[in-house]
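Coordinate inspection notes
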Amino acid sequence: MISSLLERAIEKRPDKVRLQGRILFLTEDPELIKRQLGGEDLPWDTKNPANNPKLRDDISTDEITPAHYCFYFDETLGEIPYLGLKCGDVLPIGRSDVKKGGFVCAVSGKRRGKGSSREQSPYAEMCAGIRVVIAENIERIYKQNCQNLGLLTSTNFSLISKIRVGEEIALSEFTSGEDEITRQVIEYGGLFPFNVARMQKKVFLPPINTAGEGARATRPMTLAEKIFARHMMDEKGNIGVPCVKPGDTGFARADLRFSHEYVTPMAAIFFERYVGKDAKVNDASSIIFFRDHLTFLDEVISEEKKKLGLLDLATQLKLKQQDFAAKQGIKLHGELKDRKGSEGICHSIVLESYALPGQLNIGSDSHTPHVGAIGCVAFGIGTTDVFNSWITKDVRVKVPDSVRIIVRGKKHPNVTAKDFILKILSLDYVRSGKALAKVMEYAGEAIEELSVDERATMTNMAAEIGGFTGIVAPDRKAVDFLMERRGMARKKAESMIEGLYSDPEAQYAHVIELDAAEITPMVATPGDPGNGKYVRELNTPVPVELAYGGTCTAGKNEDMDMYARVLADALKQGKKVADSVKFYIQFGSQETRDYCVRKGYLDVFQKAGAHVIEPSCGACINAGPGVTTRPEQVVISAQNRNFPGRSGPGQMYLASPLTVAASAVAGYIVEYEPSQKAELVGA
């Protein structure tokens, strides 16, 4: 504990708030937004919502703060909010428009803040003058980031009339329905002041007595609940409670905390500003930093953005992270010394080298659930949570409900985990937001048949579902993975997975059952990962100019097996990547690159005409080769998201590594048709 914080004066917010300013309605009609920015106040009927214009749904953090503006990590972000907001084909909001407009409230529709965990989004809104966000429902990480910063959130549209006339609003309007800890975080104006009050023993932490006073665990639990129970702190500060249930709140001790160069600098500045420039983090040995997001930015950043100084700002992010790591003695997986590229993407390296079954891991990226593939609870957090975890070594948690997703039967040879997850994302239950903030527990014979690499695709893209995390019960395949990738003794690996399964009587919020035999290769059409349809349902051929295979989701060893299988088949038939297509294959880590060297894949890729790229997040965040440069350009990608503008202005279809590679060869989107006995190259 940092002693200076025990002396700090901490006060709660007043119990009433008055929000004086204008309301910005983020509508589907760009002209209505422009009129508001021009000074017109839009009429809004809170009693008869059908009379109102349609609000934009699914506003992602990519639209609130486009990735390249996240190189700012100070109040300059106040000039940025909603610069990527797309209404039809129009971007109606310009730089500083929101700040100049005198807005205190922003209103939108369903699933506000989906996508990346970047805290720059609510921070940008705050710095522009926004004090409250109202939406039909709000994504978990974005909402928690708002609360952590002190930005108020609500799903109560009746507040609009009160805000409009400057009427006082009880703070309880914003804490109603929240758990005890979240209520107090809001009352103290953010996570850091709350944690200081917690250290000073001024706040109330509710005890977790799910099993009854003094009882042993008698409640059947899901796998995720068992792991939470092992890591939750009781009211005396001891780690571990007999059992938990959904809704239990508290602080969970993290086994591993990691962040990358997009988030570490802002967290470091918060730490130095609020804790002290010479203060030391709590247990540097369980913190890891990564330089993985912006390694290839200089190859794709436009001249216009260079003139704005954004490339220089990106370099500052790298340097700030390096300096803080050196000062604190924190392990940094950085850039390569002998060639351009990074050691690897954070999620890839954490799965290959760090995460263990039964752990609780937190990371500064929404795809942190990636490592749920070996049976640990892992979830994304924002900047404020990151820097607070450096002080307390724990993280605020409300135990989530679980959804059990059972994929039965046997899959087709050209179907992969990516096809399963795109199918799940297209379901009404997910698209309507009912899965938000829940654990996605994958099970069934078809899941059990998947390798750990393929399971990681499923858990990784729990982020696109809007889930809290994704997890698969560890089994023989997890044991084999730990032996092969970590050199772990079988006995030790087997002991780690003992008891890591859901109890037969465990309760779920919902159960989804799918038959693998009914699923054929999928694509998600441009705009959203939930726009899933079968490739065979595309009415006309869709020509592609770019094909991209890589990122944390599709840059793993088994993904490379798939690209190699398709390209080797093509070479046998005298084919290569189509002349009209550029196909990029990017490794997730150096370990995967070495694997490809051992298997002879680099030769296959080169002969087939694919361009190989060293590890980095790259095109997925508009920061490396494979990004689009024109609105009409079509790309088929194995990455996880196709939100508007995320990877350039073009039209992005998401698909599996098999479909991406087959489409690169064909020149248009097609299913991969395996040769008679498809064998892995070099296997």
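Above this text is the structure in question.
The structure reproduced in this document is the subject of the present report. All values derive from a computational prediction rather than experimental measurement. (Residues numbered from 1 in each chain as written. Predicted model: local features only at pLDDT ≥ 70, side-chain atom pairs only at ≥ 80, totals over all residues. Heavy atoms only, no water.)

**What to know about helix H8 (residues 180-187)**
Of all 8 residues in H8, 6 are buried, a share of seventy percent or more. Looking at the buried residues of H8, the elements they touch are helix H5 (140-149), strand S5 (152-154), helix H7 (172-175), helix H9 (191-199), strand S7 (249-253) and strand S13 (394-398). Two or three places before Ile181, at the start of H8, stands the capping residue Asp179, its side-chain oxygen 3.0 Å from that residue's backbone nitrogen. Downstream of H8 by one or two residues, Gly189 has phi in the positive range, about 85°. (Buried < 20%, exposed > 50% of the residue type's maximum accessible area, 1.4 Å probe, protein only. Helix = DSSP H or I, 4+ residues; strand = E, 2+ residues; numbered from the N terminus. Contact = heavy atoms within 4.5 Å. Polar contact = N/O pair within 3.5 Å; in protein donor to acceptor, adjacent residues only side chain to side chain.)

**As for the packing of aromatic side chains**
In the structure shown here, the tally under the stated rule is 20 aromatic pairs. Between Phe258 and Phe290 the ring centres are 5.8 Å apart and the planes differ by 85°, which places this aromatic pair in the edge-to-face class. You can see Phe258 sitting in strand S8 (residues 256-260) and its partner Phe290 sitting in strand S9 (residues 287-290), a full 32 residues away along the chain. For the residue pair Phe258 and Phe290, the accessibility class agrees, reading buried in each case. Ring plane angle 45° and centroid distance 4.6 Å describe the contact between Phe379 and Phe468, whose orientation is recorded as tilted. One end of the pair, Phe379, is in strand S12 (residues 377-380); the other, Phe468, is in the loop between helix H20 (462-465) and strand S16 (469-472), and 89 residues separate them in sequence. For Phe379, a relative accessible area of 1% puts it in the buried group. For Phe468, a relative accessible area of 6% puts it in the buried group. Lying over the aromatic face of Phe251, Arg198 brings its terminal NZ or CZ to 3.7 Å of the ring centre. Lying over the aromatic face of Tyr501, Lys226 brings its terminal NZ or CZ to 4.0 Å of the ring centre. (Phe/Tyr/Trp six-rings, centres within 6.5 Å; stacked < 30°, edge-to-face > 60°. Lys NZ or Arg CZ within 6 Å of the ring centre and 35° of its normal.)

**Describing the sheet that holds strand S11 (residues 360-363)**
Taken in spatial order, the 5 strands line up as S10-S9-S8-S11-S12 in an open sheet, and their pairing is parallel. Among the strands making up the open sheet, the edge pair consists of strand S10 (331-333) and S12. Neighbouring strand axes in the sheet, compared pairwise and without regard to direction, differ in orientation by 20° on average. For S8 and S11, the ladder comprises 3 bridges, and the chain directions are parallel. By the bridge assignment, Leu256 is partnered in S11 with Asn361. Where helix H13 (residues 310-328) meets the sheet, its contacts fall on S8, S9 and S10, and the angle it forms with S9 comes to roughly 155°. Helix H14 (residues 346-354) rests against S8, S9 and S10 of the sheet, and its axis sits at about 150° to S8. (Pairing = 2+ DSSP bridges. Axes fitted to C-alpha atoms, helices over the stretch in contact; angles between N-to-C directions.)

**Some remarks on the packing of helix H25 (residues 590-599) against helix H26 (residues 601-608)**
At a minimum axis separation of 5 Å, H25 and H26 run at an interaxial angle of 85°. On the basis of their axis angle, the class for H25 and H26 is roughly perpendicular. Of the residues in H26, those in contact with Arg593, Tyr595, Cys596, Val597 and Lys599 of H25 are Tyr601, Leu602 and Phe605. Partitioned by chemical class, the residues of the contact of H25 with H26 number 6 nonpolar, no polar and 2 charged. (Parallel < 35°, antiparallel > 145°, perpendicular 65-115°, else oblique. Nonpolar A, V, L, I, M, F, W, Y, C, P; charged D, E, K, R; others polar.)

**Here we look at H13**
A rise of 1.5 Å per residue sets the reference length of H13, with its 19 residues, at 27 Å; its end C-alpha atoms lie 27 Å apart and thus fit the reference within 8%. Every buried residue of H13 is accounted for by Leu310, Ala314, Leu317, Lys318, Gln321, Phe324, Ala325 and Gln328. Projected down its long axis, H13 shows its buried positions confined to an angular sector of 135°, all on one face. Along H13, exposed side chains directed more than 90 degrees from the buried face belong to Asp312, Asp323 and Ala326. Where H13 is buried, its residues contact S8, helix H11 (264-274), S9, helix H12 (303-307), S10 and helix H15 (383-392). Remark: Gly329 follows H13 within two positions and exhibits a positive phi of approximately 70°. (Expected span 1.5 Å × (residues − 1). Arc of directions from axis to C-beta.)

**Some words on unusual backbone geometry**
Look at Asp58: it is not a glycine, yet its phi comes out positive at around 55°. Mapped onto the elements of the fold, Asp58 is located in the loop between helix H1 (30-37) and helix H2 (61-64). A relative accessible area of 28% places Asp58 in the partly exposed class. Positive phi, close to 70°, is recorded for Tyr82, a residue that is not glycine.

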